[in-house]
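Single-letter residue listing:
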Amino acid sequence: MLLNLEIRSYECENPHHSHDHAQLVLPIRGRMDIDVNGRGGCIDQSLAALVEPGSEHSQHCDIDSRFLVLDCAPSTLETLHI
């Protein structure tokens, strides 16, 4: 997987987990309480989240929330110049 972009909804609560790819989570509707490596916060239409590869993370959101999620290979992040 190099890049995967899709609209997702989540169960009300998603327990701690990790994966080997990065995620950029952009709220479309609703909000999400998210914890990444012990740092908690809330994202909504004014704030997104970046989950780095291997990061332990969990989230809690309303059942009718929607998010645009970009999954990308770790090597993709290495080539970005921000």
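Refer to the structure above for everything that follows.
The following paragraphs examine the structure supplied in this document. Since the model is a prediction, treat every value here as computed from it, not as a measurement.

Here we come to the pattern of salt bridges. This model, assessed by the stated rule, comprises 3 salt bridges. Residue D71 is joined to R8 by a salt bridge in which the shortest nitrogen-to-oxygen separation is 2.3 Å. Highlighted residues: D71 in strand β8 (residues 66–72) and R8 in strand β1 (residues 3–8), separated in sequence by 63 residues. We note that D71, like R8, is buried. When salt bridges with common partners are traced through the structure, they connect E6, R8 and D71 into a single cluster.

Nonpolar side chains in soluble globular proteins generally cluster together in the buried interior. Grouped together as the largest cluster of nonpolar side chains are 11 residues: Y10, V25, M32, I34, V36, I43, A49, V51, C61, F67 and V69. By residue number, the principal contributor to this core is strand β4 (residues 32–36), which donates 3 residues. Those residues in contact with V51, other than ones at most four positions away along the chain, are H21, A22, Q23, I34, V36 and H57.

What follows concerns the packing of aromatic side chains. Under the criterion given, the structure shown has 1 aromatic pair. Ring centres of Y10 and F67 lie 5.9 Å apart, and the angle between their planes is 55 degrees; this geometry places the pair in the tilted category. Highlighted residues: Y10 in the loop between β1 and β2 (13–17) and F67 in strand β8, separated in sequence by 57 residues. Both residues of the pair, Y10 and F67, count as buried.

Calculation criteria
Residues numbered from 1 in each chain as written. Predicted model: local features only at pLDDT ≥ 70, side-chain atom pairs only at ≥ 80, totals over all residues. Heavy atoms only, no water. Salt bridge = Lys/Arg side-chain N within 4 Å of Asp/Glu carboxyl O. Helix = DSSP H or I, 4+ residues; strand = E, 2+ residues; numbered from the N terminus. Buried < 20%, exposed > 50% of the residue type's maximum accessible area, 1.4 Å probe, protein only. Core = buried A, V, L, I, M, F, W, Y, C linked by side-chain atoms within 4.5 Å. Contact = heavy atoms within 4.5 Å. Phe/Tyr/Trp six-rings, centres within 6.5 Å; stacked < 30°, edge-to-face > 60°.

Coordinates in, geometry out; function isn't part of it.
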